[in-house]
Amino acid sequence: MNTRSYELEVGGKKMIAEFSDLVNQANGSVILRCDNTVVLATAVMSKNAQVNMGFFNLTVDYLEKNYASGLILGSQYNKREGKPSDEAILSSRIIDRTIRPLFPQHIKNAVQIVTTVLSVGQADPGVLAVNAASLAIATSDIPWGGPVGAVHIGKPKGKEGFHFDEYVPHNGDTGYELDLTVCGHKGNICMIESLAFELKEEEMGNVFDLALTHITQIENWQKGIIEKEGKKKLEFPEPVLPEKVRSLYEEHISPILMEKMFSSEGKKGIQEIETTWEDILKKEFDKEDTLEDEETNTLARSLGKDYLHDKMDEALHKGALEHSKRIDGRGFDEVRPLFAQAGGMSPLLHGSGIFYRGETHVFSALTLGGPQDAYILDGMEVRGEKRFMHHYNFPPYSVGETGRMGGINRREMGHGFLAEKALTPVIPDKMEFPYTIRLVSETLASNGSSSQASVCASTLALMDGGVPIKSPVAGISIGAAIDEHDHTRYKLLTDIQGQEDHYGDMDFKVAGTKNGITAIQLDIKVAGVPVIVLKEALMKAKTAREHILETLTGALSAPRPRISEYAPQIIVLKIGQDQIGMVIGGGGKTIKMIKEKSGADIDIEDDGTVYITGKGGTAEKARVMIEAMTHEYKVGEEMNALVEKIIEVGAIVKLSEFADGMIHISELAPFRVMNVRDVLKEGTIVPVKVVSVDKEKNRIGLSIKQRDPNFIKNPYHKEEPKKEQQ
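Reference entry: report on the structure contained in this document. (Residues numbered from 1 in each chain as written. Predicted model: local features only at pLDDT ≥ 70, side-chain atom pairs only at ≥ 80, totals over all residues. Heavy atoms only, no water.)

A separate point is the overall build of the chain. Of regular secondary structure, the chain possesses 13 helices and 29 strands. Relative to a compact globule of 726 residues, whose C-alpha radius of gyration would be 27 Å, the chain shows 35 Å and is clearly more extended. In terms of overall dimensions, the chain has a C-alpha envelope of 140 × 65 × 55 Å along the principal axes. Scored against the burial criterion, the 726 residues of the chain give a buried share of 52%. For the chain, the proportion of contacts with a sequence separation of at least 24, taken over those separated by at least 6, is 69%. (Helix = DSSP H or I, 4+ residues; strand = E, 2+ residues; numbered from the N terminus. Rg over C-alpha atoms; globule rule 2.2 N^0.38 Å. Buried < 20%, exposed > 50% of the residue type's maximum accessible area, 1.4 Å probe, protein only. Contact = heavy atoms within 4.5 Å.)

Dropping the structure here:
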């Protein structure tokens, strides 16, 4: 095994890239190490080209291996790694979004990038995987415009300042006040994924600058490696567009393109152009007398579709940069018409919200549950409980199409994560609001940035459900049309619609409160966007966000004072840590009995905090039982008790279902009692006062006479009847 190693010191950490014949069947591979985190990245291109799929045929997989964390995970019956975790899907998307724009889009061969985490140390494996993928592709023979650099900038909770790659594995709750992953290329930024606790725009811009400093170091290091390890790139000449396709376009589409694209018809007009062009190509290139004819015609139709896409892209940029026009005629800073509604869908829902932004319409539903409903995380990196979840759905009817239902794709997962990140900073902590919170956003109609509409609708649902969020959250997407020859010449587009996203250069999603940013996601179609453009976009997003927040708070100004009557009630109480075993009982027998008798769910934490969840009074019933069981009686305490047993020296009485006490014969009455049965019998309820407590022997001494000296009448001296007066 011949191994060549290359080292880089960056941000106080050492990164090591290793090349060998270990994975010699792939087009390219590398093992990247940093602080005992080890990632293997491979790049493979298929031997044959595919038909026009409408997008570059790239697949990225981020594989988590349980052995990487030294654990045997899984169920009792299956110890193999299963489907990708949420974190793995998010990491796959980050790699994909970073590297995809740098591939020559005319190549029809499939490309697959696989990153495998071999060991989890003190460096973030997700970020390391981006750099490993970059090296694997860049040193392979697959054409690509990289390398790229990726860094993580974080502000761990309880710490000051921003730190380079300070990895904080979370246990279901984020360990950061700023969790920012940034990827860059040639001094520009090409991908951002961030959660922030209301960070100011100016601060975020400064963090971008900090990230680029480290990215440039990593990128330059990779360039040096590529010079030594890089293979000669495969050549894929761009296919020549048949002159007939060009003529057909000039005859039928060119005269109407600008008119249709830049009209009140908007999306509908563009769809008409696409349909018309597809019909023309099908009609003109449908003769397939021989296999050669079939291949020629298929290629012509494929190139024709790409040609129309390029012309629409060109038209959008020309309209924005030369004529200061947007597709739907809006101003560049103009947000489409808004509508917000809190509640009103059904009283059975714990909370709901409806939000419109132009043709994008989202309905969000809130469900509240107890701690036992939390999402259990048991993976390579993350182990713990997650009490806040946001799920996002994008059915085909939302864009007027038919399609397969069921399951969930990576895009839906990614959009759900983004909205979840945006809302996480305003979710109350467990002690203030002990509920498990699940939000589901249903995209009912979509024409641009449904993920940010989901943030808005979910804010309404949270407030409608009485969740005491710290502040309402809104989100918006800022697009861009950038001159490909001069990046200083650009136009920013506030609230992009679908076609501006598709043909534009940037989709910069920014969510936050009135106080600052809570989440960012950047996707681009170009190789990179200058930081100065992103800083300006942050300010545009702030202005739009404030406008949207006015609409949200106009529908509901603050969280409702109470949760829904259909939501479960949660009662929180505290018991001593030494009482936990008593409440649980041997083999869970006692707590099971309480659950069965009350009908409530009970969760006990190690510090003695007890969460009781139930409906219809069941939680209160369980609370009474637990408080009775764990009640520590004190001298002087008064209550009523049930006489259970008469003994020679007194009486045994029942204080509660879980505690007994004894009344000594001398404490029954202020007079001398000769025989206990003379004054008491089983089943009598008597007033008592605690006179002694022996915790070691678990004995409680009680007194009737000290509580009520007149309760027991003297049976030994009966009054003689009074004589009638003469």
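Let us look at the pairing of strand E17 (residues 436–445). Across the ten residues of E17, seven count as buried, placing the element largely inside the fold. When strand E13 (residues 360–369) meets E17, the two strands line up antiparallel, connected through nine bridges. The residue bridging Val-362 from the neighbouring strand is Thr-443, located in E17. Summarising the sheet, strand E16 (residues 388–393) and E17 pair through six bridges and their orientation is parallel. When the sheet's bridge partners are listed, His-390 is paired in E17 with Leu-439. As for the winding sense of the linkage, the β-α-β connection from E16 through helix H7 (residues 410–423) to E17 is left-handed. (Pairing = 2+ DSSP bridges. Right-handed = clockwise from strand over helix to strand, strands pointing away.)

Two quantities define a packed helix pair, namely the angle between the axes and the distance from one axis to the other. Where helix H1 (residues 86–99) meets H7, the closest approach of the two axes is 10 Å, and the angle between their N-to-C directions is 100 degrees. With respect to H7, the axis of H1 lies roughly perpendicular. Seen from H1, the contacting residues are Asp-86, Ile-89, Leu-90, Ser-92 and Arg-93; seen from H7, they are Arg-410, Arg-411, Met-413, Gly-414, His-415, Phe-417 and Lys-421. (Axes fitted to C-alpha atoms, helices over the stretch in contact; angles between N-to-C directions. Parallel < 35°, antiparallel > 145°, perpendicular 65-115°, else oblique.)

For the structure shown, the criterion picks out 39 salt bridges. As a salt-bridge pair, Lys-108 and Asp-306 come within 3.3 Å of each other at their nearest N and O atoms. Of this pair, Lys-108 sits in the loop between H1 and strand E6 (109–119) while Asp-306 sits in helix H6 (residues 291–323), placing them 198 residues apart in sequence. For Arg-336, the salt bridge goes to Asp-495, with nearest N and O atoms at 3.0 Å. (Salt bridge = Lys/Arg side-chain N within 4 Å of Asp/Glu carboxyl O.)

Residues of helix H12 (residues 589–598) that are buried: Thr-590, Ile-591, Ile-594 and Ser-598. Each buried residue of H12 sits inside an arc of 95 degrees when the element is viewed along its axis, so together they form one side. Within H12, the exposed residues directed more than 90 degrees away from the buried face are Lys-589, Lys-592 and Glu-596. The elements touched by buried residues of H12 are helix H11 (580–584), strand E23 (601–604) and helix H13 (618–630). Positive backbone phi, at 85 degrees, marks Gly-599, one or two positions downstream of H12. (Arc of directions from axis to C-beta.)

A few words now on unusual backbone geometry. Keep in mind that most residues, glycine aside, have a negative phi and that most peptide bonds are trans. Across the junction of Gly-146 and Pro-147, the peptide omega takes the value 15 degrees, indicating a cis bond. Locating Pro-147 in the fold gives a position in the loop between helix H2 (125–138) and strand E7 (149–156). Here the phi dihedral of Ser-324 falls at roughly 50 degrees; this positive angle occurs in a residue that is not glycine. Looking at Ser-324, the relative accessible area reads 44%, which means it is partly exposed.

With that out of the way, let us pick up helix H5 (residues 267–284). Taking 1.5 Å of rise per residue, the 18 residues of H5 would be expected to cover 26 Å, and the 26 Å separating its terminal C-alpha atoms lies within 8% of that figure. All buried positions along H5 are accounted for by Lys-267, Gly-269, Ile-270, Ile-273, Trp-277, Ile-280 and Leu-281. (Expected span 1.5 Å × (residues − 1).)

Taking strand neighbours across the sheet as the criterion, the six strands line up as E1-E2-E3-E4-E6-E5 in an open arrangement whose pairing is mixed. Since the sheet does not close on itself, it has two edges, and those belong to strand E1 (4–10) and strand E5 (58–64), each with one partner. Adjacent strand axes in the sheet meet at a mean angle of 20 degrees when their direction is disregarded. Of the pairings in the sheet, the one linking strand E3 (residues 28–34) to strand E4 (residues 37–49) comprises seven bridges and is antiparallel in character.

Turning next to the nonpolar core. Counting 129 residues, the largest nonpolar core has Ile-192, Met-204, Phe-208, Met-506 and Phe-508 as the members making the most contacts within it. In this view, Ile-192 contacts Arg-97, Leu-180, Thr-181, Val-182, Phe-208, Phe-508, Ile-520, Gln-521, Leu-522 and Leu-534; residues no more than four positions away in its chain are not counted. With 28 residues, the next largest nonpolar core counts Phe-285, Ala-300, Ile-327 and Phe-332 among its residues. (Core = buried A, V, L, I, M, F, W, Y, C linked by side-chain atoms within 4.5 Å.)

Here we take up the pairing of strand E25 (residues 638–647). Looking at chain direction, E25 and strand E28 (residues 685–694) are connected through five bridges and run antiparallel. Pairing of Glu-638 across the sheet is with Lys-689, part of E28. Two successive antiparallel strands, E25 and strand E26 (residues 650–656), enclose a turn made up of two residues.

A word on the sheet that holds strand E22 (residues 569–574). Across the sheet, three strands lie side by side as E22-E24-E23; this open sheet has antiparallel pairing. Unpaired on one side and paired on the other, E22 and E23 mark the two borders of the sheet. Adjacent strand axes in the sheet meet at a mean angle of 20 degrees when their direction is disregarded. Bridge count for E22 against strand E24 (residues 609–614) is six bridges, and the pairing is antiparallel. Across the sheet, residue Ile-570 finds its bridge partner in E24, namely Thr-613.

The relative placement of two aromatic rings is captured by the distance of their centres and the angle of their planes. If you walk through the whole model with that rule in mind, you get eight aromatic pairs. Ring geometry for Phe-339 versus Tyr-356: centroids 5.3 Å apart, planes at 70 degrees, classification edge-to-face. Highlighted residues: Phe-339 in strand E11 (residues 338–342) and Tyr-356 in strand E12 (residues 351–357), separated in sequence by 17 residues. Since its relative accessible area comes to 37%, Phe-339 is described here as partly exposed. Among the aromatic residues, those joined into a cluster by ring pairs are Phe-56, Phe-103 and Trp-144. The lysine or arginine in question, Arg-411, covers the ring of Phe-394, its NZ or CZ lying 4.2 Å from the ring centre. (Phe/Tyr/Trp six-rings, centres within 6.5 Å; stacked < 30°, edge-to-face > 60°. Lys NZ or Arg CZ within 6 Å of the ring centre and 35° of its normal.)

Interhelical geometry of H12 versus H13 gives an angle of 145 degrees and a closest axis separation of 9 Å. Remark: the crossing between H12 and H13 carries right-handed chirality. Residues Thr-590, Met-593, Ile-594, Lys-597 and Ser-598 of H12 touch H13, and the partners they reach there are Thr-618, Lys-621, Ala-622, Met-625, Ile-626 and Met-629. (Left-handed = near helix turned anticlockwise from the far one by under 90°.)

When you line up the elements, Lys-14 lands in strand E2 (residues 13–19). Of the residues examined, Lys-14 reaches a relative accessible area of 36% and is grouped as partly exposed. Sequence separation between Lys-14 and Asp-35 is 21 residues, and the spatial gap between their C-alpha atoms is 7.2 Å. Excluding residues within four positions of it along the chain, Lys-14 makes contact with Glu-7, Leu-8, Glu-9, Arg-33, Cys-34 and Asp-35.

Relative to the elements of secondary structure, Thr-518 occurs in strand E21 (residues 517–524). A polar contact of 2.9 Å, which involves the side chain of Thr-518, links it to the backbone oxygen of Ala-422. (Polar contact = N/O pair within 3.5 Å; in protein donor to acceptor, adjacent residues only side chain to side chain.)

Right, let's talk about the side chain of Asp-165 for a bit. With respect to the helices and strands, Asp-165 occurs in the loop between strand E8 (163–164) and strand E9 (176–185). Excluding residues that lie within four positions of it along the chain, Asp-165 makes contacts with Lys-13, Cys-34, Ala-123, Asp-124 and His-152.

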